[in-house]
Amino acid sequence: MVNSALFVLTAVFASLSAGTDSVYPVLITAGLVFGLIGDFFLEWKNGKLFYLGVLFFSVNHLFYIYSFIRLFDTDIMKYEKDMLITLAVVIVAGIVDIIFEKIKLEGFAKVMLIYSAVLIASFIFSLFRGVSSIIDDGNTVFGILIAAAGAFFIASDTFLAAQLYGKSHFKHPEAFVLFFYFPA
């Protein structure tokens, strides 16, 4: 919770220091607030409200998706064909991971498939916002950071899924969850 609060605080100070009229920092900060609330519910009462936390993380990623699609001058939908190819690759990789890590979603846990779809969309739109920032806008640093953040989120949650719903092939998957989550 301390780290999540620091993420929000950093976003607030970054937004204030940018001094821009853009809605982008407000929506990213709002997304981080939903992530903070999500983190709270993931752990509160020993995880009994875990799926409420997942709901808040879904909203978090919807803020990101909207921001990546709508709040830039350059339209990333010109990469639509590449996005569809990337979607296919990610789905195949996800199926391989499910099989490899023996992930089973039973009962209410199947709601995680909806979260997975939101997370995959967030990854794809962050990746192509990054690509567009580099190629179309010449903003290499921002492009690399936004693409890496999306990749790190999906990597973190992939390790988390193996830890919670499968048999991870890694000795300490929680270390990988944290290693990817914090930089994301």
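An account of the accompanying structure is given in this report. (Residues numbered from 1 in each chain as written. Predicted model: local features only at pLDDT ≥ 70, side-chain atom pairs only at ≥ 80, totals over all residues. Heavy atoms only, no water.)

**Section: the overall build of the protein**
Looking only at helices and strands, the protein has 7 helices and 0 strands in total. Secondary structure elements of the protein occur, N-terminal to C-terminal, as α-α-α-α-α-α-α. In terms of overall size, the protein behaves like a compact globule, its C-alpha atoms giving a radius of gyration of 17 Å where 184 residues would be expected to give roughly 16 Å. Based on the C-alpha atoms only, the size of the protein along its principal axes is roughly 45 × 35 × 25 Å. Out of the 184 residues belonging to the protein, those deemed buried represent 38%. Here the analysis covers contacts within the protein between residues at least 6 apart in sequence; of these, 72% occur between residues at least 24 apart. (Helix = DSSP H or I, 4+ residues; strand = E, 2+ residues; numbered from the N terminus. Rg over C-alpha atoms; globule rule 2.2 N^0.38 Å. Buried < 20%, exposed > 50% of the residue type's maximum accessible area, 1.4 Å probe, protein only. Contact = heavy atoms within 4.5 Å.)

**Concerning helix H7 (residues 173–181)**
Every buried residue of H7 is accounted for by Pro173, Val177, Phe180 and Tyr181. Angular distribution of buried residues about the axis of H7 spans 95°; they occupy a single face of the element. Looking at the buried side of H7, the elements it contacts are helix H1 (2–18), helix H2 (24–43), helix H3 (50–70) and helix H6 (140–165). (Arc of directions from axis to C-beta.)

**Description of the side chain of Arg129**
You can see Arg129 is positioned in helix H5 (residues 112–135). No salt bridge is formed by the buried Arg129, whose closest oppositely charged neighbour, Asp137, lies at an N-O distance of 4.7 Å. A distance of 3.1 Å separates a polar side-chain atom of Arg129 from the backbone oxygen of Thr74. With residues near it in sequence (within four places) discarded, Arg129 still touches Phe68, Ile69, Phe72, Thr74, Ile76, Phe142 and Ile146. (Lys, Arg positive; Asp, Glu negative; His and termini not counted. Salt bridge = Lys/Arg side-chain N within 4 Å of Asp/Glu carboxyl O. Polar contact = N/O pair within 3.5 Å; in protein donor to acceptor, adjacent residues only side chain to side chain.)

**Some thoughts on the packing of aromatic side chains**
Evaluation of the coordinates by the stated rule reveals 25 aromatic pairs. Judged by centre distance (6.1 Å) and plane angle (70°), the rings of Phe41 and Trp44 are edge-to-face. Given a relative accessible area of 14%, Phe41 falls into the buried group. Linked through ring pairs, Phe7, Phe57, Tyr64, Phe68, Phe153, Tyr181 and Phe182 together constitute an aromatic cluster. (Phe/Tyr/Trp six-rings, centres within 6.5 Å; stacked < 30°, edge-to-face > 60°.)

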